[in-house]
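Observations on chain architecture
Each chain is listed here by its residues.
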Amino acid sequence: MTKKLIPLIAANWKMHGDMSWAQKPVELDAAFPIAEREHLELLICPPFPLLPALHVVAGPLNIRVGAQNCHSEIKGAHTGEVSAELLADAGADYVIVGHSERRASGETDQNVHDKAVAANRADLIPIICVGESLEQREAGDAIKVVADQLNKSVPDIEDYVIAYEPIWAIGTGKIPTMDDISDMHHAIRKRVGQDIRILYGGSVKPGNASEILAVPNVNGALIGGASLEMDSLAAIAKAAS
Ligand code: 13P
């Protein structure tokens, strides 16, 4: 039996938005009011400078905020980097680590592991991303590739979230079959146990969210493009609740 975990609907804004976007939670709440969101957790991960202002607006509406990356160390001579501790201080509850767009520019499993440790140290919940390339999927290696990423990037901590994001499904409008999502999430479940939420990410839209979120062991979604419009983010969140 799969344990019932509160679904997490997480928006990854990537490199989009300006400071006026700190007000977006008001729009989101208008589309999907707080009273109807009891059995669901909503999270927005904006670019760094938006975090504190977004947190001020989102907090009272019971919408959490998170970051898209952090450094593994607490402080030091690391120009351009941000510590997990500072993110927590700025209002973050979560931080995405190991997104494929960062892995593509050189982030290793060991880096991802160390960032997840840092998040845990700062009382942030890391959302650890894994996922195969199209080549790996077509070679029949998807589950093996993800198992290897899990083994190397998930540290021995209690509280974390896994996001399964097939690289070829990100921003392409393509998604795996529901059977393929089910098989992958089942394999991840076996590795992480019953208490960890496993999100699916990659071209989640209002039109496919219900189907994807109904797949066993899918405990929420990590959403890119469709999270930039509050109406579509609300529609996806409603499908989860
Ligand atoms: P899209 O929803 O735009 O495919 O992006 C998915 C993603 O990368 C979320 O982290």
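Above this note sits the structure.
I will try to describe carefully the structure that is included in this document. (Residues numbered from 1 in each chain as written. Predicted model: local features only at pLDDT ≥ 70, side-chain atom pairs only at ≥ 80, totals over all residues. Heavy atoms only, no water.)

1. Some thoughts on the overall build of the protein chain
This is how the line gets drawn: Strands are runs of DSSP state E lasting at least two residues, helices are runs of H or I lasting at least four, and both sets are numbered from the N terminus onward. Between the two quantities, the radius of gyration covers C-alpha atoms and the globule rule is 2.2 Å times the number of residues to the power 0.38. Any two residues whose heavy atoms approach within 4.5 Å are treated as being in contact. Here, Shrake-Rupley sampling with a 1.4 Å probe gives the accessible areas, and only protein chains in the shown set may cover a residue. We treat Lys and Arg as the positive residues and Asp and Glu as the negative residues; His and chain ends play no part in the count. Charge placement uses NZ in Lys and CZ in Arg. For Asp and Glu, CG and CD serve respectively.
A count of helices and strands for the protein chain gives ten helices and eight strands. Taken over C-alpha atoms, the radius of gyration comes to 17 Å for the protein chain, in line with the 18 Å a tight globule of 241 residues would show. Taken along the three principal axes of its C-alpha coordinates, the protein chain extends 45 × 45 × 30 Å. Within the protein chain, counting contacts between residues at least 6 apart in sequence, those at least 24 apart form 73% of the total. Carbon and sulfur atoms make up 52% of the accessible area of the protein chain, which totals about 10,900 Å². Computing the positive centroid from 21 side-chain charges and the negative centroid from 32, the protein chain places the two 2 Å apart.

2. Details of the sheet that holds strand 8 (residues 220-223)
Selection rule: Between any two strands, at least two bridges found by DSSP are needed for them to pair. For helices, the axis comes from a line fit to the C-alpha atoms of the stretch in contact; other axes are also lines fit to C-alpha atoms, and the angle between any two N-to-C directions lies between 0 and 180 degrees.
Taken in spatial order, the eight strands line up as 1-2-3-4-5-6-7-8 and close into a barrel, and their pairing is parallel. For this sheet, the mean inter-axis angle between neighbouring strands, taken without regard to orientation, is 25°. As paired strands, strand 5 (residues 125-130) and strand 6 (residues 161-164) are joined by four bridges and run parallel to one another. Within strand 6, the position partnered with C129 by the bridge is A163. Across the sheet, helix 2 (residues 51-58) is in contact with strand 2 (41-45) and strand 3 (63-67); its angle to strand 3 comes to roughly 165°. Across the sheet, helix 7 (residues 142-153) is in contact with strand 5 and strand 6; its angle to strand 5 comes to roughly 150°.

3. Looking at the side chain of S133
Tracing the backbone through its elements, the reader meets S133 in the loop between strand 5 and helix 6 (134-138). Sequence-distant contacts of S133, defined by excluding residues within four places in its chain, comprise I167 and W168.

4. Structural notes on the pattern of salt bridges
Counted only if it meets this: What makes a salt bridge here is a side-chain nitrogen of Lys or Arg within 4 Å of a carboxyl oxygen of Asp or Glu, nothing more.
For the structure shown, the criterion picks out 13 salt bridges. Bridged by salt links that share partners, the residues E41, R64, D93 and R197 form one connected network.

5. Brief notes about the packing of helix 5 (residues 109-121) against helix 7
Stated formally: Any angle from 65 to 115 degrees is called roughly perpendicular, while one under 35 is roughly parallel, one over 145 is roughly antiparallel, and all others are oblique. Each residue gets one of three labels, nonpolar for Ala, Val, Leu, Ile, Met, Phe, Trp, Tyr, Cys and Pro, charged for Asp, Glu, Lys and Arg, and polar for the others, Gly among them.
At a minimum axis distance of 8 Å, the contact between helix 5 and helix 7 shows a crossing angle of 50°. Considering the angle they form, helix 5 stands oblique to helix 7. Every residue of helix 7 that contacts helix 5 at D109, V112 and H113 is listed here: Q149, K152 and S153. Its residues assigned to classes, the contact of helix 5 with helix 7 comprises one nonpolar, three polar and two charged.

6. As for the state of the cysteines
Our working definition: Two cysteine sulfurs form what is called a disulfide whenever their separation falls within 2.5 Å. Each residue is assigned to one of three classes by its accessible area relative to the maximum for its type, calculated with a 1.4 Å probe on protein chains only: buried under 20%, partly exposed between the two thresholds, exposed over 50%.
A full pass over the atoms with the stated rule returns zero disulfides. In this model C45 remains outside any disulfide bridge; the closest cysteine sulfur is found in C129, 9.4 Å from its own. For C45, a relative accessible area of 0% puts it in the buried group. Given a relative accessible area of 2%, C129 falls into the buried group.

7. Looking at the packing of aromatic side chains
The condition that has to hold: Each aromatic pair joins two rings of Phe, Tyr and Trp (for Trp, the six-membered one) with centres within 6.5 Å, and gets the label stacked for planes under 30 degrees apart, edge-to-face for over 60, and tilted for any other angle. For a ring to carry a charge above it, either NZ of a lysine or CZ of an arginine must fall within 6 Å of the ring centroid while also lying within 35 degrees of the normal to the ring plane.
Scanning the model with the defined rule gives two aromatic pairs in all. Centroid distance W13 to W21: 5.0 Å. Interplanar angle 90°. Geometry classified as edge-to-face. W21 shares its class with W13; the two are buried. For the cation-ring pair, K24 lies above W21, with the distance from its terminal atom to the ring centre recorded as 4.3 Å.

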